[in-house]
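Architecture at a glance
Chain residues, written in single-letter form:
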Amino acid sequence: MQIIGLGKVSSTVSDSNITYTAVPSKGYSLKYWSTSMEKYTDNPLTVENSVEIVSVTFYYGILEYLKSMVAFEVPDTTLYSILSKRGVSPQADIVDLDDKTKDLLYADVLIWGSTIPSTYGSVVDSGGGWTHQEGASTINAADKKRFESIANDIYRRYGETGHHADIRIVAL
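Okay, so let's go over this structure. (Residues numbered from 1 in each chain as written. Predicted model: local features only at pLDDT ≥ 70, side-chain atom pairs only at ≥ 80, totals over all residues. Heavy atoms only, no water.)

1. A look at helix H3 (residues 99–113)
The end-to-end C-alpha distance of H3, which contains 15 residues, comes to 21 Å, matching closely the 21 Å that a straight helix rising 1.5 Å per residue would cover. A large share of H3 lies buried, amounting to 11 of its 15 residues. Taken residue by residue, H3 has Lys-102, Asp-103, Leu-104, Leu-105, Tyr-106, Ala-107, Asp-108, Val-109, Leu-110, Ile-111 and Gly-113 as its buried positions. On its buried face, H3 sits against helix H1 (62–69), helix H2 (76–85) and helix H4 (141–157). (Helix = DSSP H or I, 4+ residues; strand = E, 2+ residues; numbered from the N terminus. Expected span 1.5 Å × (residues − 1). Buried < 20%, exposed > 50% of the residue type's maximum accessible area, 1.4 Å probe, protein only. Contact = heavy atoms within 4.5 Å.)

Okay, structure coming up:
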C-alpha cells in the first residue's frame with residue numbers, strides 16, 4: 001500500500017475481512033483510501049480480504065496551515081468565519097488551494113490578529129484578597145501594526161483594497 005502524505009497505517013485480519021486504521025501525523029488528516037475502482041473515507045476501514053487497498057492519502061488542512069502561520073492563537077470559530085467569507089471549506093487540503101487563496105486567508109488572519117486585545121488567553125483566579133493570573137499572551141502595538149502592514153501588502157498584491165482593522169480596543 002502506498003502512503004501519500006504523512007501518516008501510518010495499521011491493519012488487523014479477521015476471518016474474511018481486513019480492518020485498516022489510518023493514523024495521521026500531527027496536523028494531518030485522512031483524505032481517503034483508494035482501490036483501483038473506489039475511494040473510501042471511513043477510518044477505520046473494513047473490507048473483504050479480496051479488496052486491495054492501493055493507497056491511503058493524508059492531507060494538511062487549511063485550519064492547521066493557518067494556525068501554523070501565526071504566533072498567536074486563533075480560535076477555530078474565527079477561522080471558520082474567515083474561511084466562509086472566502087468560500088473555502090474548513091476541510092480543504094492546502095494542496096488544492098492556489099497561492100492567492102492561501103495568501104488572502106493569511107492576510108485575513110493577520111487583520112483579525114491586529115484587532116484582538118493586547119493581552120489574551122489568560123486565566124484569573126481570585127479569592128480572599130488574593131489574585132493570580134497565568135497563561136496570558138501579549139501582542140504589542142508595534143506587532144499589531146506589522147500584522148496590518150503585511151496583510152495590506154498581500155491585499156494590494158491581489159488587487160484588494162479597503163482592508164484594515166476596524167476594531168480598536170482602547171481600554172478594558
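After that view, the rundown keeps rolling.
2. As for the side chain of Lys-144
Mapped onto the elements, Lys-144 comes out in helix H4. Look at Lys-144: it is buried, it has no salt bridge, and the nearest opposite charge is Asp-143 at 9.4 Å. Leave out the neighbours within four places in its chain, and Lys-144 touches Gly-113, Ser-114, Ile-116, Pro-117, Ser-118 and Ile-139. (Lys, Arg positive; Asp, Glu negative; His and termini not counted. Salt bridge = Lys/Arg side-chain N within 4 Å of Asp/Glu carboxyl O.)

3. Details of the side chain of Asp-108
As for its position among the elements, Asp-108 is in helix H3. According to the relative accessible area criterion, Asp-108 is buried, its value standing at 5%. A polar side-chain atom of Asp-108 sits 2.5 Å from a polar atom in the side chain of Tyr-155. Those residues in contact with Asp-108 that sit more than four places away from it in its chain are Ile-82, Lys-85, Arg-86 and Tyr-155. (Polar contact = N/O pair within 3.5 Å; in protein donor to acceptor, adjacent residues only side chain to side chain.)

4. Let's talk about the environment of Phe-72
Relative to the elements of secondary structure, Phe-72 occurs in the loop between H1 and H2. The spacing of Phe-72 and Gly-113 is 41 residues in sequence and 7.6 Å in space, taken between C-alpha atoms.

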